[in-house]
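# Structural overview for review
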Amino acid sequence: VDVMDDGSFSHTISLNHTETRIMVTARIDDGAESFEILDRVIDPERVAFVIVTVSPASIVADNVSTASVTVTALNLLSEPVDGVGVTLVSTSGGYLTGTTLMTSDGTVSTTFQAGIGSAVNPVTITATSMGISGSATLTLLPDAPPLFDY
């Protein structure tokens, strides 16, 4: 424990990823025996982070092109959380093939299909699980006009 001149202190604690309970004990000694126990439980089945990735990062707005969307739900220890619901939404410009999914090994996957002539650029895809959200963007490129031989 490092004690500062103002009486405050700091200490770094390393966690073992197999532990699910952290107990912090602070003793305040001002001449009297007093202490406070702070107890923080890390629930390995509680989502703390939602990571959204889109590949490729840009597609043509031609009503055919698609991008893969992958969502990873992680707990406070950055471990995948299995069997939790994920809801996906996107700004306009196309549609998601799956919008309410259940994680398997902490991950869900779906597809975004671009609309035709979509003017919204970029598209934001947001995933939410257990009240925690994450998002990614997808760039829509203009569809090339057809080439005509005269």
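Below is a summary of the structure that appears in this document. (Residues numbered from 1 in each chain as written. Predicted model: local features only at pLDDT ≥ 70, side-chain atom pairs only at ≥ 80, totals over all residues. Heavy atoms only, no water.)

### Thoughts on the environment of V64
Summarising the element assignment, V64 is placed in the loop between strand 6 (58-60) and strand 7 (66-74). Overall, V64 belongs to the exposed group, its relative accessible area being 59%. Each C-alpha atom of the pair V64 and G94 lies 9.9 Å from the other, and the pair is 30 residues apart in sequence. Excluding its chain neighbours within four sequence positions, the residues that come into contact with V64 are Q113 and A114. (Helix = DSSP H or I, 4+ residues; strand = E, 2+ residues; numbered from the N terminus. Buried < 20%, exposed > 50% of the residue type's maximum accessible area, 1.4 Å probe, protein only. Contact = heavy atoms within 4.5 Å.)

### Digging into the sheet that holds strand 13 (residues 132-141)
If you walk across this open sheet you meet the five strands as 6-13-12-8-10, and the pairing is mixed. The open sheet terminates on both sides in strands that have one partner only, identified here as strand 6 and strand 10 (100-102). When strand polarity is set aside, the average angle formed by the axes of neighbouring strands in this sheet is 30°. Of the pairings in the sheet, the one linking strand 6 to strand 13 comprises three bridges and is parallel in character. Within the sheet, the bridge partner assigned to V60 lies in strand 13 and is L141. (Pairing = 2+ DSSP bridges. Axes fitted to C-alpha atoms, helices over the stretch in contact; angles between N-to-C directions.)

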